[in-house]
Amino acid sequence: MEISHAEISDLQNFIVELNSAQESVVVVEGKRDSTALRKLGYGEKILEFHSFCGITKFADSVSSHKNLIVLFDFDRKGKYLTRRIIMQLERRTKIDLSYKKKLAQITRGRIRTIEELSKYASFVDDFELT
């Protein structure tokens, strides 16, 4: 995979920005997605959608959070879940999709799932050393 220094730098800035998001919680689809974010250096709270056993339980559990940063996959299922969450929670809490859009721009659409970000971890580590 050919990755430019600019792309790695943008990804590092993305993680820094994500870490500094105030009163926010990141929501991903599953365990591998949260592992990929951790490998890149994200250290704040992550909620895994699939651990809630359904959209209704998820919506009831997360509505107390002030801001949800939704980072679901870019595939059909991820888009479907994003729409459903917006419908369930749009009047109960703020849903932030801007980070997902930034991620798509940074990777130029090369990743379809959030767990694929783990491919970038070694590049980020190498980039920090230089």
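An account of the accompanying structure is given in this report. (Residues numbered from 1 in each chain as written. Predicted model: local features only at pLDDT ≥ 70, side-chain atom pairs only at ≥ 80, totals over all residues. Heavy atoms only, no water.)

### Notes on the overall build of the protein
Note the following rule: Here a strand is any run of E in DSSP of at least two residues, a helix any run of H or I of at least four, and the numbering for each starts at the N terminus. Here the radius of gyration uses the C-alpha set of atoms, whereas the globule reference equals 2.2 Å times the residue count to the power 0.38.
In terms of regular secondary structure, the protein is built from six helices and four strands. Along the protein, helices and strands appear, N-terminal first, in the series α-β-α-β-α-β-α-β-α-α. Against the 2.2 N^0.38 benchmark of 14 Å for 130 residues, the protein shows a C-alpha radius of gyration of 15 Å, consistent with a compact globule. Overall size of the protein, expressed as C-alpha extent along the three principal axes, is 45 × 30 × 20 Å.

### Digging into the sheet that holds strand E3 (residues 67–70)
Definition in use: Strands pair, by our definition, only if DSSP identifies at least two bridges between them. Each axis is a line fitted through C-alpha atoms, taken for helices only over the stretch in contact, and angles between the N-to-C directions span 0 to 180 degrees.
Pairing is parallel across the open sheet formed by four strands, whose spatial order is E2-E1-E3-E4. With one partner strand each, in any of the chains shown, strand E2 (46–48) and strand E4 (94–96) form the two edges of the open sheet. For this sheet, the mean angle separating the axes of adjacent strands, direction not counted, is 30 degrees.

### Observations concerning the packing of helix H3 (residues 55–62) against helix H4 (residues 76–89)
Put simply, the rule reads: Working rule for angles: under 35 degrees goes down as roughly parallel, over 145 as roughly antiparallel, 65 to 115 as roughly perpendicular, anything else as oblique. Here a crossing is called left-handed whenever its near helix is offset anticlockwise from the far helix by less than a right angle, and right-handed whenever the offset is clockwise. Throughout, a contact is declared for two residues whenever any of their heavy atoms are within 4.5 Å. Residue type decides the class: Asp, Glu, Lys and Arg count as charged, Ala, Val, Leu, Ile, Met, Phe, Trp, Tyr, Cys and Pro as nonpolar, and the leftover types, Gly among them, as polar.
Close contact between H3 and H4 brings their axes to 10 Å; oriented N to C, the two are set at 50 degrees. Classified by the angle their axes make, H3 and H4 are oblique. The handedness of the crossing between H3 and H4 is right-handed. Every residue of H4 that contacts H3 at Ile55, Phe58, Ala59 and Val62 is listed here: Arg84, Ile85, Gln88 and Leu89. Considering only residue class, the contact of H3 with H4 consists of six nonpolar, one polar and one charged.

### Considerations on the pairing of E3
This is how the line gets drawn: When a residue's accessible area, from a 1.4 Å probe over protein chains only, is under 20% of the maximum for its type it is buried; when over 50% it is exposed; and in between it is partly exposed. The definition of a right-handed crossover adopted here requires that, viewed with the strands pointing away, the path from the first strand over the helix to the second runs clockwise.
Residues Asn67 and Ile69 line one face of E3 and the alternating positions Leu68 and Val70 line the opposite face, and both faces are buried. Of the pairings in the sheet, the one linking strand E1 (residues 24–28) to E3 comprises four bridges and is parallel in character. Within the sheet, the bridge partner assigned to Val27 lies in E3 and is Val70. The pairing of E3 with E4 spans three bridges and is parallel. In the strand pairing of E4, Leu68 is matched with Ile95. Of the crossover connections in this fold, the one passing from E3 over H4 to the parallel E4 is right-handed.

In short, the description is geometric, and any link to function would need to be established separately.
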